[in-house]
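# Secondary and tertiary structure notes
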Amino acid sequence: MSDSKIKVGIIGLGRWARVLTRGSRQSSKIEIVKGYSRSAEKRAAFQAEYGVPSVDSLDALLSDPEIKGVILTVPNEQHLPVAEAAAKAGKHIYTEKPIANTLENGIRLEALQEQYGVRAMVGHSARLLRGARMMKDAIDSGELGTLSFMESNFSNERALELTPDTWRWYRDKAPGGPLSQLATHLFDSLYMLGGEIEEVSSIASKLSPVGAEVDDQSMTTLRFKSGALGYVGSCWTSPGIYFIRVYGQKGLMHFELDFGRWDDPDTVHETSTLYIQRGKDGYGKREVLDMGKSNMFTDELDMFADMCRTGNKVELEAANGLVALAIVNAALASVERNGQCVKLSEILDGARARVAAEDQSAA
């Protein structure tokens, strides 16, 4: 072990813990030194595969003074209680997206920072994809001119495979289906690219023949404070795709990810596409750009290490995670209102008021 690396623990030892642990192996800043799961079988399997010692209680992990932060890959409804236990132990918090199972619990998780003097970040790693970052650079530098419009889609065939023994079957577990499970990645990425979002409109439908409760198609439009517009589509009944296209007054850029390599970002650039089309001469001057090798999971873990080391805010701070979840909630509210526009401030202010009322009632 390197003394120069920030030592962290990981709680929840399923598939995503493996993805992040592989990402941590490429980092010069962070090291996962202990793991915990309520399942003895998962603890043993994780330790055998990665050589990371596992402990048989949450307290055993949180009481380790070497551990400066914890990575949470537990189910959404456990984000807040486990984060609160970590904060009470003085550990910084990284939680997978969404920030919590409800916006109200996300607000409570964000508040742990001030209450216990720790920092929290949310793993919206998709905004760290190299193609998305190169788009951001082109927007910020003025290369594309004034941003006017964005369109995006994240889809796969999940709804064709659902059965009643899977949690995604149920409306209360996966509200909106792909809207809450896939489109959330794009909501955060478009927020990163386009800035503050004022209102949201969404419609949804159900086309899968398997009979699940959840909707499996969604179309969402976003109105940004700048006046720019955005579209996010998500489908659970088609082959996997992930793309973002941004339109500026001087040019456009298109980024398309090989969805089949989502869990292996070291190789995703080999079969993904990024191009820029400048000016009005059109397709003939379209230029394919080299994204180079990158790893969004290593990048976000490096960010977590910096947060643990300095105690400073980072780009993926809890406040950004709240915005992403609020956009999901606004889209779901719009679906219930037959596509009516919903102001993001209505969703956030309403959730904060409910939290304040509940806290006052409990006092």
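Summary of the structure given here. None of the values given here were measured: they were computed from a predicted structure. (Residues numbered from 1 in each chain as written. Predicted model: local features only at pLDDT ≥ 70, side-chain atom pairs only at ≥ 80, totals over all residues. Heavy atoms only, no water.)

## Comments concerning the nonpolar core
Here is the rule we go by: Residues enter a nonpolar core if they are buried and are Ala, Val, Leu, Ile, Met, Phe, Trp, Tyr or Cys, with the set joined through side-chain atoms within 4.5 Å. Partly exposed residues are those whose accessible area sits between 20% and 50% of the maximum for their type, while under 20% is buried and over 50% is exposed, using a 1.4 Å probe and protein chains only. Secondary structure is summarised from DSSP: a helix means a run of H or I of at least four residues, a strand means a run of E of at least two, and numbering begins at the N terminus for each. Note on contacts: a residue pair is in contact if any heavy atoms of the two residues lie within 4.5 Å.
The biggest cluster of nonpolar side chains holds 112 residues, and the ones touching the most others in it are Tyr 242 and Trp 262. A total of eleven residues in this core trace back to one element, the largest contributor, which is helix α11 (residues 318-336). When neighbours within four sequence positions are excluded, Trp 262 is seen to be in contact with Trp 16, Ala 126, Leu 129, Phe 154, His 185, Tyr 242, Leu 257, Met 296 and Phe 297.

## Regarding the sheet that holds strand β4 (residues 69-72)
So the rule is basically this: Following DSSP output, two strands are said to pair if at least two bridges run between them.
Read from one edge of the open sheet, six strands run β3-β2-β1-β4-β5-β6, paired in parallel fashion. At either end of the open sheet lies a strand with only one pairing partner, and these are β3 (54-55) and β6 (120-123). Looking at chain direction, strand β1 (residues 6-11) and β4 are connected through four bridges and run parallel. Counterpart to Gly 9 in the pairing with β4 is Val 70.

## Some details on empty space enclosed by the protein
Rules: In this analysis a 1.4 Å probe is tested at points of a 1 Å grid over the protein atoms alone, and where it fits but cannot get out there is a cavity; an open set with protein on both sides within 12 Å along at least five of seven lines is a pocket; lining residues have an atom within 4 Å of a point. Grid points are joined across faces, edges and corners, and a volume is the space filled by probe spheres set on the points. Ten residue types, Ala, Val, Leu, Ile, Met, Phe, Trp, Tyr, Cys and Pro, are classed as nonpolar, four, Asp, Glu, Lys and Arg, as charged, and the remainder, Gly among them, as polar.
Evaluated as defined, the whole model comprises one cavity of 30 Å³ or more. By volume, the largest cavity amounts to about 50 Å³. Its residues placed into classes, the lining of the largest cavity shows six nonpolar, four polar and one charged.

## Comments concerning the environment of Arg 354
With respect to the helices and strands, Arg 354 occurs in helix α12 (residues 344-362). Arg 354 gets classed as partly exposed once you look at its relative accessible area, which sits at 41%. Counting along the chain gives 130 residues from Arg 354 to Phe 224, while the straight-line C-alpha distance between them is 26 Å.

## Some remarks on the side chain of His 92
We count it as follows: A 3.5 Å cut-off defines polar contacts: any pair of N or O atoms within that distance qualifies, except that in protein one atom must be a possible hydrogen donor and the other a possible acceptor, and neighbouring residues in sequence count only when both atoms are side-chain atoms.
Tracing the chain through its elements places His 92 in strand β5 (residues 92-96). Of the residues examined, His 92 reaches a relative accessible area of 11% and is grouped as buried. Within polar-contact distance, the side chain of His 92 engages the backbone nitrogen of Arg 119 at 3.0 Å. Those residues in contact with His 92, other than ones at most four positions away along the chain, are Lys 68, Gly 69, Val 70, Val 118, Arg 119, Phe 304, Met 307, Cys 308 and Gly 311.

## Brief notes about the pairing of strand β10 (residues 229-235)
Among the seven residues of β10, five are classified as buried, and the element is accordingly described as predominantly covered. Examined bridge by bridge, strand β7 (residues 147-155) and β10 share five bridges and lie parallel to one another. Looking at β10, one finds that Met 150 is bridged to Gly 230. Where strand β9 (residues 217-224) and β10 come together, seven bridges link them in antiparallel fashion. Along β10, the bridge assignment pairs Leu 222 with Gly 230. Adjacent in sequence and paired antiparallel, β9 and β10 are bridged by four residues, among which Gly 227 carries a positive phi angle near 100°.

## What to know about the pattern of salt bridges
Cut-off, in case you're wondering: Put simply, a salt bridge is a Lys or Arg side-chain nitrogen that is within 4 Å of an Asp or Glu carboxyl oxygen.
If you walk through the whole model with that rule in mind, you get 18 salt bridges. With its nearest N and O atoms 2.9 Å apart, the salt bridge here joins Glu 49 to Arg 18. You can see Glu 49 sitting in helix α2 (residues 40-50) and its partner Arg 18 sitting in helix α1 (residues 15-24), a full 31 residues away along the chain. You can call Glu 49 partly exposed: its relative accessible area is 48%.

## Some thoughts on the packing of helix α8 (residues 183-194) against α11
Filter applied, for reference: Each axis is a line fitted through C-alpha atoms, and for a helix only the stretch in contact is used; angles between axes span 0 to 180 degrees, taken between their N-to-C directions. In these notes the angle categories are as follows: under 35 degrees is roughly parallel, over 145 is roughly antiparallel, 65 to 115 is roughly perpendicular, and the rest is oblique. Helix crossings fall into two classes, left-handed where the near helix is turned counterclockwise from the far one by less than a right angle and right-handed where it is turned clockwise.
Their axes nearest at 9 Å, the elements α8 and α11 cross at an angle of 120°. Taken together, the axis directions place α8 and α11 in an arrangement best described as oblique. Crossing handedness for the pair α8 and α11: right-handed. Residues Thr 184, Phe 187, Asp 188 and Tyr 191 of α8 touch α11, and the partners they reach there are Asn 320, Val 323, Ala 324, Ile 327, Val 328 and Ala 331. In the contact of α8 with α11, the residues fall into seven nonpolar, two polar and one charged.

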